[in-house]
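Residues per chain are reported as follows:
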Amino acid sequence: MRSPRHLTASRVICLVALATGAHLALASDRDSSPMGPMIRQGKEAFTHETFQGSGRVCETCHLQGGTVPGKRPDGVSIPSLTNAAVIYPRFNARQGKVITLQDQIRSCVSNALEGTPPAYGSDPLNALTVYLTSLAQGKPLDMGGKPQ
Ligand code: HEC
């Protein structure tokens, strides 16, 4: 049989468990997580970095940080990037092979920005990847999904 003292101890353990759970829930929040600084760095690059190109930035075409449908310079509409992280790697018909999200980002830097793509494993590329991945938070994982 448990003594009142044991009950108190288990209550304390429950409270600690609840507090830890609450902390984990908070940690999944984009800005307060340890990923926060990287997400902000990626967003900053997305909205301001030209990668020594023609002067365009990602947001020139992918409007409002990529969270809404964008527009190409010729006015043709582009899907939003909110589920980009969920649908990559995917087959790219033009290149005739499977490409990763980082391949796609680098391709937009070379072709759309006419810039120098950040190296694989570099902070700028990782930050852009982390930023785009953060946009997919809470999206259904559909491997056959199309851009939204
Ligand atoms: C000149 C306009 C333009 C700029 C600037 C641009 N992109 Fe793109 N981006 C496009 C077009 C067009 C597509 C192809 C959309 C499609 O597949 O229909 C695309 C596709 C993408 C995709 C894949 C979307 C999907 O759902 O498959 C990602 C990710 C992406 N761009 C990221 C970026 C990033 C990061 C930057 C900045 C480094 C950038 N883009 C700059 C025009 C642009």
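Details of the structure are given in the entry above.
Being a predicted model, the structure only gives us computed values, none of them experimental.

Trainee: Could you give an account of the overall build of the chain, with specific residues and numbers?
Mentor: Helices and strands together make up the secondary structure of the chain, namely 7 helices and 4 strands. Counting helices and strands in the order they occur from the N terminus, the chain gives α-α-α-α-β-β-α-β-β-α-α. Counting all 148 residues of the chain, 20% fall into the buried class. At a minimum sequence separation of 6, the contacts of the chain that also span at least 24 residues come to 53%.

Trainee: Account for the nonpolar core, with residues named and values stated.
Mentor: Judged by nonpolar contacts, the single largest core of 17 residues is most densely connected at Phe 46, Ala 84, Leu 101, Ile 105, Leu 128, Tyr 131 and Leu 132. At the level of elements, α2 (36-48), α6 (101-111) and α7 (123-135) are the ones that each hand at least two residues to this core. It is α7 that contributes the most residues to this core, 6 residues altogether.

Trainee: I'd like to hear about α2, residue by residue, with values.
Mentor: An ideal rise of 1.5 Å per residue puts 18 Å on 13 residues; α2 measures up with 18 Å between its terminal C-alpha atoms. Looking only at α2, the buried set comprises Gly 42, Lys 43, Ala 45 and Phe 46. Considered in projection along α2, the buried side chains sweep an arc of 160 degrees and stay on one side of the axis. Every exposed residue of α2 that faces more than 90 degrees away from the buried side is listed here: Pro 37, Glu 44 and His 48. Summarising the contacts, the buried residues of α2 are in contact with α3 (58-61), α4 (63-66) and α7.

Trainee: Now, about the packing of α6 against α7: what can you tell me, with residues and values included?
Mentor: Closest axis-to-axis distance for the α6/α7 pair is 10 Å, and the angle between their directions is 115 degrees. Relative to α7, the element α6 is oriented roughly perpendicular. Crossing angle aside, the handedness with which α6 passes α7 is right-handed. Contacts from Leu 101, Gln 102 and Ile 105 of α6 reach α7 at Leu 125, Leu 128, Thr 129 and Leu 132. When grouped by side-chain class, the residues that make up the contact of α6 with α7 number 5 nonpolar, 2 polar and no charged.

Trainee: Mind laying out the packing of α2 against α7, listing which residues take part and the relevant values?
Mentor: Between α2 and α7, the shortest axis-to-axis distance is 7 Å and the interhelical angle comes to 100 degrees. Between α2 and α7, the interaxial angle falls into the category roughly perpendicular. In this structure, α2 contributes Met 38, Ile 39, Gln 41, Gly 42, Lys 43, Ala 45 and Phe 46 to the contact, and α7 contributes Pro 124, Ala 127, Leu 128, Val 130, Tyr 131 and Ser 134. For the contact of α2 with α7, the per-class residue count stands at 9 nonpolar, 3 polar and 1 charged.

Parameters and conventions
Residues take numbers from 1 onward in each chain, read along the sequence in its written order. At least 70 in pLDDT is required for a residue's local features to be given in this predicted model, at least 80 for side-chain atom pairs to be given and counted, and no such filter applies to totals for whole chains, interfaces and linings, which use all residues. Each helix is a run of DSSP H or I of at least 4 residues and each strand a run of E of at least 2, with the numbering of both proceeding from the N terminus. Counting other C-beta atoms within 10 Å of its own, a residue is labelled buried from 20 upward, exposed at 12 or fewer, and partly exposed in the gap between, with every C-beta atom placed from the backbone. By the convention adopted here, residues are in contact when the distance between their C-beta atoms, placed from the backbone, does not exceed 7 Å. By convention the nonpolar core is taken to be a set of buried residues drawn from Ala, Val, Leu, Ile, Met, Phe, Trp, Tyr and Cys and joined through C-beta atoms within 7 Å. For a helix, the expected span equals 1.5 Å multiplied by the residue count minus one. Directions drawn from the helix axis to the C-beta atoms are what define this arc. Every angle, taken between N-to-C directions, lies between 0 and 180 degrees, and every axis is a line fitted to C-alpha atoms, over only the stretch in contact when it is a helix. Angles below 35 degrees are treated as roughly parallel, those above 145 as roughly antiparallel, those between 65 and 115 as roughly perpendicular, and all remaining angles as oblique. Crossings are assigned a handedness: left-handed for a near helix turned anticlockwise from the far helix by less than a right angle, right-handed for a clockwise turn. Amino acids are sorted into nonpolar (Ala, Val, Leu, Ile, Met, Phe, Trp, Tyr, Cys and Pro), charged (Asp, Glu, Lys and Arg) and polar (every other residue, Gly among them).

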